[in-house]
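Each chain, written out:
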Amino acid sequence: MTNKPKVFVTRIIPEEGLSLVREACDMELWEHELPPPREVLLEKIKDKVGVLSLLTDKIDAELMDANPQIRVVSNFAVGFDNIDIKAATARGLPIGNTPGVLTDTTADIAFTLLMATARRISESIDYVRAAKWKTWGPMLLMGQDIHKATLGIIGFGRIGQGMAKRASGFDMKVLYHDVYRRQDLEQSMGVTYADIDTILAEADFVSIHTDLNPSTRYMFNAAAFAKMKRTAILINSARGPIVDHMALYEALKSGQILGAGLDVTDPEPIPVDHPLVSLPNCLIVPHIASASVATRGKMASMAANNLIAGVRGERLPTPVNPNVYDGEIRK
Ligand code: GLV
């Protein structure tokens with residue numbers, strides 16, 4: 001028997017986090033590769049006071065009401081579109097996330113996808129593996145230049161700014177769009193604010209760094225692709241549903257745009273028989289943007305610290321809904 005607060009951790013996360021949770025809480029850990037099915041999650045939380053969730057766990061009002069003793073949900077991610085924040089705040093339930101620590105790691109992968117797609121790296125690897133490399137070819141696997149190209153950044157928060165920093169090392173011209181114009185950064189970062197249509201018309205690369213919300217869902221649809229250059233490349237390391245995947249397929253297939261590099265898809269995982277998967281000009285990796293050993297360790301300890309603070313009734317170090325503290329929080 002232990003008097004430690006009972007918590008449910010919905011997947012194995014790096015030890016940096018698990019050791020903190022184990023020390024402070026009576027932890028039940030879901031050790032399977034796949035997320036706990038909905039009915040299992042609902043069952044598991046019944047005797048718990050805290051949940052450490054992943055972006056694959058849907059945390060909605062039904063779940064919050066299934067056990068009113070739950071005092072905290074700590075998401076192991078910076079994004080939180082898997083959680084109904086409004087419902088949580090209305091119930092006095094603090095929600096945590098892991099901002100900041102994954103900014104550079106995520107910007108690194110966005111830039112990696114940009115470079116790999118521009119220079120057709122995945123096709124080149126396949127070419128070598130298929131024993132097609134017979135000689136140096138003057139016309140072989142020609143791609144697009146990255147240096148001095150125009151990069152359009154959609155969403156100029158921490159990760160979008162990280163992308164702009166990387167682009168400056170390649171002498172790229174950077175246009176950005178955000179609901180908040182960042183005039184304070186324009187000169188120092190050498191970036192120019194533009195409306196979306198200007199970015200679509202002028203950018204050689206468009207990189208998505210906005211969150212998923214009703215106004216960004218399917219923002220990249222057939223109409224958007226029709227406005228892009230035929231040589232343009234789309235990069236998405238934000239959330240899959242910001243892009244209409246069938247429209248993307250049509251745009252890539254018909255040559256409306258040149259290529260795409262995706263870390264996120266809709267749905268996830270993307271079925272292997274989805275038409276996008278077979279396109280040589282579409283490079284897809286399995287939502288690994290924050291997956292460096294160091295960053296996942298930091299995310300784990302941050303998520304653990306949010307969980308522990310929450311079960312103790314203390315303010316979370318990084319709450320998503322700080323306004324929850326304006327009212328009564330769940331005890
Ligand atoms: C990953 O996608 C995250 O939001 O941290």
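If you're wondering where the values come from, they're calculated on a predicted model, not measured in any experiment.

J.: Let's hear about the domain arrangement of the protein: which residues, and what values?
T.: In terms of domain boundaries, the protein breaks down into domain 1 (6-101 + 293-326) and domain 2 (103-284). Listed by partner, the interface residues are eight residues for domain 1 and five residues for domain 2. Both faces considered, domain 1 and domain 2 share a buried interface measuring about 560 Å² in area, 42% of it formed by carbon and sulfur atoms. Contact with domain 2 buries surface across domain 1, with Asp81, Gly100 and Thr295 losing the most and accounting together for 58% of the total. The tally of links between domain 1 and domain 2 comes to one salt bridge.

J.: Mind laying out the pattern of salt bridges, listing which residues take part and the relevant values?
T.: One pass over the full model with this rule turns up 18 salt bridges. When the shortest N-O distance is used, the salt bridge between Asp60 and Arg38 registers 2.7 Å. A residue pair is termed long-range when its members are at least 10 positions apart, and Asp60 in the loop between β3 (50-53) and α3 (61-66) and Arg38 in helix α2 (residues 38-44) qualify at 22 residues. With relative accessibility at 16%, the residue Asp60 sits in the buried group. Here Arg38 falls in the partly exposed class, since its relative accessible area comes to 26%. One salt bridge in this structure joins Glu43 and Lys46, with 3.3 Å as the shortest N-O distance.

J.: If you had to explain the sheet that holds strand β4 (residues 72-75) to someone new, which residues and values would you point to?
T.: Strand order in the open sheet formed by five strands is β2-β1-β3-β4-β5, and the pairing between neighbours is parallel. Every other strand in the sheet has two partners, leaving β2 (26-29) and β5 (95-96) as the edge strands with one partner each. Sheet analysis places strand β1 (residues 6-9) next to β2, joined by four bridges and oriented parallel. Residue pairing across strands places Val9 opposite Leu29, the latter belonging to β2. Those strands touched by helix α1 (residues 15-24) are β1 and β2, and its axis lies near 135° from that of β2.

J.: Describe the environment of Asp84, listing the residues and the values that go with them.
T.: Within the fold, Asp84 resides in the loop between β4 and α4 (85-90). Taking relative accessible area as the criterion, Asp84 reaches 33% and is therefore assigned partly exposed. Considered as a pair, Asp84 and His177 are 93 residues apart in the sequence and their alpha carbons are 26 Å apart. Setting aside residues up to four positions removed in sequence, Asp84 forms contacts with Ile59, Asp60 and Met64.

J.: Report on the packing of helix α5 (residues 103-118) against helix α7 (residues 158-168), specifying residues and quantitative values.
T.: Running from N to C, α5 and α7 point in directions that differ by 55°, and their axes come no closer than 8 Å. Considering the angle they form, α5 stands oblique to α7. Between α5 and α7 lies a crossing of right-handed hand. Counted together, Thr103, Asp104, Thr106, Ala107, Asp108, Ala110, Phe111 and Leu114 of α5 and Arg158, Ile159, Gly162, Met163, Arg166 and Ala167 of α7 form the full contact between these two elements. Residues belonging to the contact of α5 with α7 are distributed by class as follows: seven nonpolar, three polar and four charged.

J.: I'd like to hear about the pairing of strand β9 (residues 205-208), residue by residue, with values.
T.: Within a regular beta strand, the side chains point alternately toward one face of the sheet and then the other, so they alternate between its two faces. Where burial is concerned, the two faces of β9 agree: the one with Phe205 and Ser207 and the one with Val206 and Ile208 are both buried. Relative to β9, strand β6 (residues 150-154) runs parallel, the two sharing four bridges. Of the residues in β9, the one forming a bridge with Gly152 is Val206. One ladder, built from four bridges, connects β9 with strand β10 (residues 233-236); its direction is parallel. Among the inter-strand pairings, Ser207 is bridged to a residue of β10, identified as Ile235. As a crossover connection, the stretch from β9 through helix α10 (residues 222-227) into β10 is right-handed.

J.: Give me the lowdown on the site of the ligand, citing residues and values where you can.
T.: In the region of the ligand, the neighbouring residues are Leu55, Ala77, Val78, Gly79, Leu102, Arg239 and His287. In this structure, Val78 approaches the ligand through a main-chain N or O atom, which is 2.8 Å from an oxygen atom. Between His287 and the ligand, the recorded distance is 2.6 Å, taken from a side-chain N or O atom to an oxygen atom.

J.: So what's going on with the pairing of β10? Residues and values would help.
T.: A two-sided burial pattern is seen for β10, the buried positions comprising Ile233 and Ile235 on one face and Leu234 and Asn236 on the other. Bridge count between β10 and strand β11 (residues 259-262): four bridges; the pairing is parallel. The residue bridging Leu234 from the neighbouring strand is Ala260, located in β11.

J.: Describe a nonpolar patch on the surface, and please don't skip the residues or the numbers.
T.: Together, Val128, Trp133 and Leu140 give the surface a local cluster of nonpolar side chains, amounting to about 310 Å² of exposed area. Exposure remark for Leu140: the relative accessible area of 31% places this residue in the partly exposed category.

J.: Lay out the side chain of Asn97 with the relevant residues and their values.
T.: Within the secondary structure layout, Asn97 lies in the loop between β5 and α5. A residue is classified by how much of its surface remains accessible, and Asn97, at 7% relative accessible area, is buried. If sequence neighbours within four positions are ignored, Asn97 has contacts with Asn75, Ala77, Val78, Phe80, Asn306, Thr318 and Val320.

What counts and what doesn't
- Residues numbered from 1 in each chain as written.
- Predicted model: local features only at pLDDT ≥ 70, side-chain atom pairs only at ≥ 80, totals over all residues.
- Heavy atoms only, no water.
- Domains from an automatic or database assignment.
- Contact = heavy atoms within 4.5 Å.
- Buried area = accessible area lost by both parts, 1.4 Å probe.
- Salt bridge = Lys/Arg side-chain N within 4 Å of Asp/Glu carboxyl O.
- Helix = DSSP H or I, 4+ residues; strand = E, 2+ residues; numbered from the N terminus.
- Buried < 20%, exposed > 50% of the residue type's maximum accessible area, 1.4 Å probe, protein only.
- Pairing = 2+ DSSP bridges.
- Axes fitted to C-alpha atoms, helices over the stretch in contact; angles between N-to-C directions.
- Parallel < 35°, antiparallel > 145°, perpendicular 65-115°, else oblique.
- Left-handed = near helix turned anticlockwise from the far one by under 90°.
- Nonpolar A, V, L, I, M, F, W, Y, C, P; charged D, E, K, R; others polar.
- Right-handed = clockwise from strand over helix to strand, strands pointing away.
- Near = heavy atom within 4 Å.
- Polar contact = N/O pair within 3.5 Å; in protein donor to acceptor, adjacent residues only side chain to side chain.
- Patch = residues over 30% accessible without salt bridge, like charges linked within 9 Å, V, L, I, M, F, W, Y side chains within 5 Å.
- Areas by Shrake-Rupley, 256 points an atom, 1.4 Å probe, with all protein chains shown as cover.

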